[in-house]
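Listed below, chain by chain, are the residues.
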Amino acid sequence: MSRHGSGSIATSRDTRRFAIVGGPNSGKTTLFNALTGLRAKTGNYPGVTVARYVGHATAGDARVLIEDLPGTYSLDALSPDEVIVTEVVDTHEEYAGTPTPDGLVVLLDATALQRSLGLLAHVLQTGLPTLVVLTFGDDLARRGGGVDTAALSAAIGVRVIPIVSGHRVGVAALCEALAEVEDWPAPPVLPPVEPAETTGWIRSVLTRAGYRAPRLDARTRRIDAVLLHPVIGTAVFFATMFLFFQTIFTVAAPLQGYIETFFGWLGGLASERIANPWLASLVSDALFGGVGGVLVFLPQIALLFILIALLEGVGYMSRAAFLMDRVMGSVGLEGRAFVALLSSVACAIPGIMATRTLPSARDRIATMMVAPLMTCAARLPVYVLLVGMLVPAESRVGPFGAQGSLMFGLYLLGAVAAMTAGWVFAKLGGRGSGVIPFYMEMPSYRLPRLKTVAAAVREACFAFVRKVGTIILVTTVVLWALLNLPIRGDADLAAAGVDPTNDTAVSAHVVENSYAADLGRALNPVFEPLGFDWRINVGVLSSLAAREVFVATVGQVAAAEDPEDPAAALEAMTVSDGPREGEPLFTPAAILSLLVFFVFALQCMSTVGALRRETGTWRWPAVAFGYMFVLAWVASFIAHTVVSAVI
């Protein structure tokens, strides 16, 4: 069965393996999810699947292994994601380290059948058992096209199963077919065929199948006339982003208030009910004050991913990439790099992985080096906290809220920085090996499936909660220990002039003289020019584990200084030492300086690890961390200096 041994999932020798092959945006991942019950990411634009997803499905009475491969237009691999497909599908000995599937499931997009047949021609040349799934037949019919499925099967010599959006009937028929792989007709042996050419074989198949190409979707044409216009389309894109950030503070803020009140109540309850003062402090300050202080931003995270899921579902992402191709070209990159950068708005890690779709190694490195500058979801809690402290909720910019306008500006600043840095790295990388055509599928506009949107948002929210319950929780507990050690006895407190019966005074004294304070003060020579003191320094340092930990850190410090009203304590903090001792800590200059620092700094070790995996060396992660820290420090210093001079 398999000449190469076992795959990435432990299976018995008798477990059959099937690989799903298809062009970008052909419905592969949707079908994979329907077969396996998994939730691999799907999107109505190319470049979503950049690695092999593996899961199990039931075929008859047996369990089979299903692999979802990245989208590709041919087996002549140019980019790393296409190499993944070639390694699995191609039977040449040079790929002898990869298991050979027992059968291939090739997806043909009914609305682009001529192009899809080019890929099928390449697949049939491998001689592996092949079955065809015809997708988007409903879209073909809606646009006035048609195809005879039985005639198509006879023309290409393999079985064809039509499936619409993972419909249960079609999926059930496919599962039955997988159980009968021994009975699949042997694929015809074709001479070498270039997918980009309309060869005689493709013309013959289309004719015998009675294929009627779909008419150009009038609705799509009318919408694209606006959205793909170089001026109007760009304006629409920015207007959409701007309006979204208005909702962050209008829709999500009340929900955030409810969650904040809930965790405040839990913290107070813990302080009252837990007799041991250390345990009470751990639960109320670290868990409910720190971790709960991050979870209050869950509504904003949900809103961000609702927007992303809607844009993906409606088919807008490809248009955005096409629209930005000229901009990307001006900085020495290409439109596919924009897809990777756009993915980084959710998280830099999938954005870095998405660079596998880029054929040029030079472009991949340049895009990976700038992807972390795109404002990811992890920055959102920090931005919301600081923007809320800097700008009053009632402030307006014309008819729009000032808080949302500033938030949009921060995202725009990150994007501009990414473009500028991309230009620098492209120049430093020298000229590439030549111009590689940028081919991007333009799907018809479709109403987003609410189930798909809900699944994407649910997964994003669960991922955020898991992060809070793992990395952020561990870091928060460590910070709590650093903020409460060394232990101060009554004699020590009395010697320092602190009333041991005054809990608030004791907490403030302990924090000011803790190990965390020592660590933060050691960093003062680096960060004092930016307007930070030791508390902000510790928050910046802790954010290396996860940016959201900054919120938990300042939340713990505020709760220690005033357990009754941490929010008021946060805004009333003063600089504890140095030339600015006694002055307000969170001045407009300091807040803006901190915002700018978070825009540019690479404060995520998970992203550093992803860069290491994708580049195969520590050199590029070190370069990324170093240049972003220098950029963040310089920009933050300029912001603090200018604002201090003006105000």
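Up top you'll find the structure we're talking about.
Residues numbered from 1 in each chain as written. Predicted model: local features only at pLDDT ≥ 70, side-chain atom pairs only at ≥ 80, totals over all residues. Heavy atoms only, no water.

Undergrad: For this particular structure, what's the right way to read the pattern of salt bridges?
TA: Pairs may arise between side chains of opposite charge once their charged atoms sit close together. According to the stated counting rule, one finds 13 salt bridges in the structure shown. Across the salt bridge formed by Asp68 and Lys28, the nearest N and O atoms sit 3.5 Å from each other. Of this pair, Asp68 sits in strand β3 (residues 62-68) while Lys28 is found in helix α1 (residues 28-36), placing the two residues 40 residues apart along the sequence. Notably, a salt bridge pairs Glu548 with Lys467, separated by 3.3 Å at the nearest N-O pair. With Glu548 in the loop between α24 (534-542) and α25 (549-561) and Lys467 in helix α19 (residues 450-484), the pair connects residues that are 81 residues apart, well separated along the chain. Look at Glu548 and you get buried, because its relative accessible area is 2%. (Salt bridge = Lys/Arg side-chain N within 4 Å of Asp/Glu carboxyl O. Helix = DSSP H or I, 4+ residues; strand = E, 2+ residues; numbered from the N terminus. Buried < 20%, exposed > 50% of the residue type's maximum accessible area, 1.4 Å probe, protein only.)

Undergrad: I would appreciate a short explanation of unusual backbone geometry in the present structure.
TA: Most peptide bonds take the trans form, and the phi angle of most residues other than glycine is negative. Looking along the chain, the bond that leaves Leu485 and enters Pro486 is cis, with omega of 5°. Within the fold, Pro486 resides in the loop between α19 and α20 (490-495). Phi angles above zero are rare outside glycine, and Phe136 is one such case at about 60°.

Undergrad: I would appreciate a short explanation of the packing of helix α10 (residues 252-273) against helix α12 (residues 298-314) in the present structure.
TA: Each pair of packed helices can be summarised by the angle the axes make with each other and by the distance between the axes. Packing of α10 against α12 brings their axes to within 8 Å, and their N-to-C directions diverge by 145°. Facing Ala252, Leu255, Gln256 and Ile259 of α10, the residues of α12 in contact are Pro299, Gln300 and Leu303. Grouping the amino acids of the contact of α10 with α12 by side-chain chemistry returns 5 nonpolar, 2 polar and no charged. (Axes fitted to C-alpha atoms, helices over the stretch in contact; angles between N-to-C directions. Contact = heavy atoms within 4.5 Å. Nonpolar A, V, L, I, M, F, W, Y, C, P; charged D, E, K, R; others polar.)

Undergrad: Explanation requested: the pairing of β3 in the structure shown.
TA: Regular strands show a simple pattern: their side chains alternate between the two faces of the sheet. Within β3, 5 of the 7 residues are buried, leaving the element largely enclosed by the surrounding structure. Here strand β1 (residues 16-22) pairs with β3 via 5 bridges, running parallel. When the bridges of β3 are listed, Phe18 appears paired with Ile66. Summarising the sheet, strand β2 (residues 53-59) and β3 pair through 7 bridges and their orientation is antiparallel. Directly across from His56, in β3, lies its bridge partner Leu65. (Pairing = 2+ DSSP bridges.)

Undergrad: How should I be thinking about the side chain of Glu548 in this particular structure?
TA: Here the side chain of Glu548 touches Lys467 through a polar contact of 3.3 Å, side chain to side chain. Excluding its chain neighbours within four sequence positions, the residues that come into contact with Glu548 are Val294, Ala378, Pro381, Phe464, Lys467 and Ile472. (Polar contact = N/O pair within 3.5 Å; in protein donor to acceptor, adjacent residues only side chain to side chain.)

Undergrad: Any chance you could explain the environment of Val164 here in plain terms?
TA: Its location among the elements puts Val164 in the loop between β6 (160-162) and α6 (168-178). A relative accessible area of 34% places Val164 in the partly exposed class. Sequence-wise, Val164 and Asp138 are 26 residues apart; in three dimensions their C-alpha atoms are separated by 6.7 Å.

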